[in-house]
Amino acid sequence: MKKTHIALLFVLYLWACQPKKSENSEKGPIAQKDTLLKSTSNTEETLFEENEGFSSEDDVDFMPPIEDQSYLGIEIGKPITDYPDLLHLGILKTGEGEFPVHYIRYHKDTLGYIFGKRMIETIHIWDNRGATNTGVRVGTNFGELKAFLGQPEVHGSEMESRVQVFHKKHRYLLDYHSMEYELDFLKIPDSVVVKEIIIIN
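A brief report on the enclosed structure follows.

The rules we used
- Residues numbered from 1 in each chain as written.
- Predicted model: local features only at pLDDT ≥ 70, side-chain atom pairs only at ≥ 80, totals over all residues.
- Heavy atoms only, no water.
- Helix = DSSP H or I, 4+ residues; strand = E, 2+ residues; numbered from the N terminus.
- Contact = heavy atoms within 4.5 Å.
- Phe/Tyr/Trp six-rings, centres within 6.5 Å; stacked < 30°, edge-to-face > 60°.
- Buried < 20%, exposed > 50% of the residue type's maximum accessible area, 1.4 Å probe, protein only.
- Pairing = 2+ DSSP bridges.
- Axes fitted to C-alpha atoms, helices over the stretch in contact; angles between N-to-C directions.
- Salt bridge = Lys/Arg side-chain N within 4 Å of Asp/Glu carboxyl O.
- Arc of directions from axis to C-beta.
- Polar contact = N/O pair within 3.5 Å; in protein donor to acceptor, adjacent residues only side chain to side chain.

1. So, the side chain of serine 70
Mapped onto the elements of the fold, serine 70 is located in strand β1 (residues 70–71). Here serine 70 is in contact with Pro65, Glu75, Ile123 and Ile199, once residues within four sequence places are set aside.

2. Description of the packing of aromatic side chains
Within a pair of aromatic rings, the relevant descriptors are the distance that separates the centres and the angle that separates the planes. Evaluation of the coordinates by the stated rule reveals 4 aromatic pairs. With a centroid separation of 6.3 Å and an interplanar angle of 65°, the aromatic rings of tyrosine 103 and tyrosine 113 are classed as edge-to-face. Here tyrosine 113 lies in strand β5 (residues 109–115) and tyrosine 103 lies in strand β4 (residues 97–106), a separation of 10 residues in the sequence. Residue class for tyrosine 103 comes out buried when judged on its relative accessible area of 0%. Given the relative accessible area of 1%, tyrosine 113 is considered buried. In this structure an aromatic cluster arises from ring pairing among Tyr103, Tyr113, Phe115 and Trp126.

3. What about the sheet that holds strand β10 (residues 194–199)?
With antiparallel pairing, 8 strands are arranged side by side in an open sheet as β3-β4-β5-β6-β10-β9-β8-β7. Each edge of the open sheet carries a strand with a single partner, namely β3 (87–94) and β7 (153–155). On average, each strand axis in the sheet is inclined to that of its neighbour by 30°, with strand direction left out of account. Summarising the sheet, strand β9 (residues 170–177) and β10 pair through 5 bridges and their orientation is antiparallel. Note that in β10 the partner of tyrosine 172 across the bridge is isoleucine 197.

4. Considering the pattern of salt bridges
Summed over all chains, the structure comprises 6 salt bridges. The salt bridge involving lysine 187 is made with glutamate 180; its shortest N-O contact spans 3.4 Å. Lysine 187 sits in the partly exposed class, given a relative accessible area of 46%. Each of Asp109, Asp127 and Arg129 takes part in one network of salt bridges that share partners.

5. Some thoughts on helix α4 (residues 142–149)
Of the positions making up α4, those classed as buried are Phe142, Leu145 and Leu149. Relative to the axis of α4, the buried residues are bounded by an arc of 50° and lie together on one face. Residues of α4 that are buried sit in contact with β7, β8 (162–167), β9 and β10. With a side-chain oxygen lying 3.1 Å from the backbone nitrogen of glycine 143, the N-terminal cap of α4 falls on asparagine 141.

6. A look at the environment of threonine 132
Structurally, threonine 132 is set in the loop between β6 (122–125) and α4. Note on threonine 132: relative accessible area 6%, which makes it buried. Placed 64 residues apart in sequence, threonine 132 and aspartate 68 show a C-alpha to C-alpha distance of 8.0 Å. Setting aside chain neighbours within four positions, we find threonine 132 in contact with Ile66, His170 and Tyr172. Polar side-chain contacts of threonine 132 include one of 2.9 Å to the side chain of threonine 134.

7. Some words on the pairing of β8
By the bridge criterion, 3 bridges tie β7 to β8 in an arrangement that is antiparallel. Each residue of the ladder has a partner; that of histidine 155, found in β8, is glutamine 164. Bridge count for β8 against β9 is 5 bridges, and the pairing is antiparallel. Counterpart to glutamine 164 in the pairing with β9 is leucine 173. Remark: 2 residues form the turn of the hairpin made by β8 and β9, two consecutive strands paired antiparallel; lysine 168 in that turn has positive phi of roughly 55°.

Read these as spatial facts, not as claims about activity.
Structure follows, in structure tokens:
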């Protein structure tokens, strides 16, 4: 009997010493969280926090034009699913709250974002390498903008104090704030710059 007990204990000991499969190995490797989905920007004009600005590697080696209804081939009114390689779901964090958007990503560069649930409603451009056919780009100052467009149509907003220049299918968000909707453009200094170009429908 003692020998039987000893043999049984020995078998149990060998079984207990065998390496066990971890829970992770049974489920497969744990995927990293989607940084684009969880990423936020501190303000509307900045990029993802982990990027800390535009890529310094110049992954975009050309200057994509800002068309009347499209940018980088992305067109107003088209399904978001048409651009799986360029549009990536994320969160835009502003003073008014957090909003789901799709960021425009080209290699390591974030060029802007689009609004729309299934269809592309507006295209917002942060990158300064592309320009409109009138020569306006992100970083253009208000003095140059007046030279390009003539007497601009400028409006502030009571809720957000955002000041935009309206021109055909484009809006130019200025680095300037006013709650006056009927804003006299002569009040705006020539040194104020365009910080975002918006393509609308």
